[in-house]
Every structure is written in structure tokens, then in C-alpha cells.
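# Coordinate analysis (summary)
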Amino acid sequence: IGAIASATAFALPDGDREPRTIEISMRYSRFEPATIEVEPGETVRFVVRNADPIDHEFILGDRAVQRAHEHGTEAYHPPRPGEMSVAPLETAVTTYTFPDAPGTLILGCHLPGHYAYGMRADVRIG
């Protein structure tokens, strides 16, 4: 069972909060940690390190988003909140603001065979 990611958010002088940083590792076609917990409405900065010698994706969304990407034709994901491609042995960063309501999202990689192999993680909101 994977660990749950946690980090610290810092208060800025104007009262806004610096996004919390969560580091994700992609290794042996798995995400580590395998479970992530966030607060409703929280903004998180994901630092994603691909330790494998092959490409991977970071796709964050509900089951409908995962289904669309599993059957989609977008071979490369330009960086946008919650979606990006990560080249072999590279690090990429994305920032994502979670919905205000509790629930669960999925983090997945949809390159051929990766999701079916188990390259996914649970993201628990609230």
C-alpha cells in the first residue's frame, strides 16, 4: 500500500496561501504515493518525476476523464492543469485546484497498456 502524500502550505503576507507541493514519482509504471489526500478547494503544486526510461502521463480527473483519455488519440499532453506528459527521466510541474466538494479523483497514465497495468492512484478530496 502506497504512502499518503503530505506537505506544508505557507501563509503569504496578503493572507493568500502558497500552494502545497506534493511530489509524485513515476517508477516501474506506478505512481508513488498510490494515495493522495487533499482538502476541498485546495490548490496543489505537483512536482512529478519520471524515473523510468519511457514516457508517462499525469492525468488527474474523475472516471469520465480517465475513460476519455484511455480511448482518446492525444499522444502528447501539453502542460495544463491536471494533465501533462512527462518524458523519460525528466521532471514536470503542474498546479491543480480541487473541487470544493469531498470526493475521489483518479491519477492515471494512458499510454498504451499503462492504465491496464495499474498505473493509477487515488486522490481523496476531504
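Use the structure listed above.
Conventions used here
Position numbers for residues start from 1 in each chain and track the written sequence from start to end. Since the coordinates come from a predicted model, pLDDT governs what is reported: local features require at least 70, and pairs of side-chain atoms require 80 or more to be given and counted, while whole-chain, interface and lining totals use all residues. Each side-chain value is derived from all of the structure's non-hydrogen atoms; neither hydrogens nor water enter the calculation. One bridge is not enough; two strands pair if DSSP finds at least two bridges between them. Going along the chain from the N terminus, every DSSP run of H or I of four or more residues is numbered as a helix, and every run of E of two or more is numbered as a strand. Each axis is a line fitted through C-alpha atoms, and for a helix only the stretch in contact is used; angles between axes span 0 to 180 degrees, taken between their N-to-C directions. Burial classes: relative accessible area under 20% of the type maximum marks a residue as buried, over 50% as exposed, and values in between as partly exposed (1.4 Å probe, protein chains only). Whether two residues touch is decided by their heavy atoms; if any such pair falls within 4.5 Å, the residues are in contact. Only the six-membered ring of Trp is used, alongside the rings of Phe and Tyr, when aromatic pairs are assigned; centres must lie within 6.5 Å, and planes under 30 degrees apart are stacked while those over 60 apart are edge-to-face, with the rest tilted. In this analysis the charged atom, NZ for Lys or CZ for Arg, is taken to sit over a ring once it is within 6 Å of the ring centre and within 35 degrees of the ring normal.

Quick look at the sheet that holds strand β2 (residues 20-27) now. Read from one edge of the open sheet, 4 strands run β3-β2-β5-β8, paired in mixed fashion. If you trace the sheet from one side to the other, it starts and ends with β3 (30-32) and β8 (91-97), each paired once. Between one strand axis and the next, the sheet turns by 25° as a mean value, whatever way the strands run. Where strand β5 (residues 43-50) lies against β8, 7 bridges are found, and the strand directions are antiparallel. The residue of β8 that forms the bridge with R49 is T91.

Once that is clear, we can look at the side chain of H114. Structurally, H114 is set in helix α2 (residues 114-117). Here H114 falls in the buried class, since its relative accessible area comes to 11%. Once residues within four sequence positions are removed from consideration, H114 is found in contact with S29, I54, D55, H56, C109 and M119.

The subject of this paragraph is the packing of aromatic side chains. Applying the stated criterion across every chain, the model contains 3 aromatic pairs. Pairwise contacts between aromatic rings join F46, F58, Y96 and F98 into one cluster. The ring of Y117 is capped by R30, whose NZ or CZ atom sits 4.6 Å from the centre of that ring. Stacked on the ring of Y115, the Lys or Arg R120 has its end atom at 4.5 Å from the ring centre.

A few words now on the pairing of strand β6 (residues 56-61). In terms of residue burial, β6 counts as a mostly covered element, since 6 of its 6 residues are buried. Side chains H56, F58 and L60 of β6 all project onto a buried face; the interleaved residues E57, I59 and G61 project onto the opposite face, where all are buried too. Taken together, the 4 bridges between β6 and strand β7 (residues 83-86) define a ladder with antiparallel strand orientation. Counterpart to I59 in the pairing with β7 is E83. When β6 meets strand β9 (residues 103-108), the two strands line up antiparallel, connected through 3 bridges. Among the inter-strand pairings, I59 is bridged to a residue of β9, identified as G108.

On their own, these measurements won't tell you what the molecule is for.
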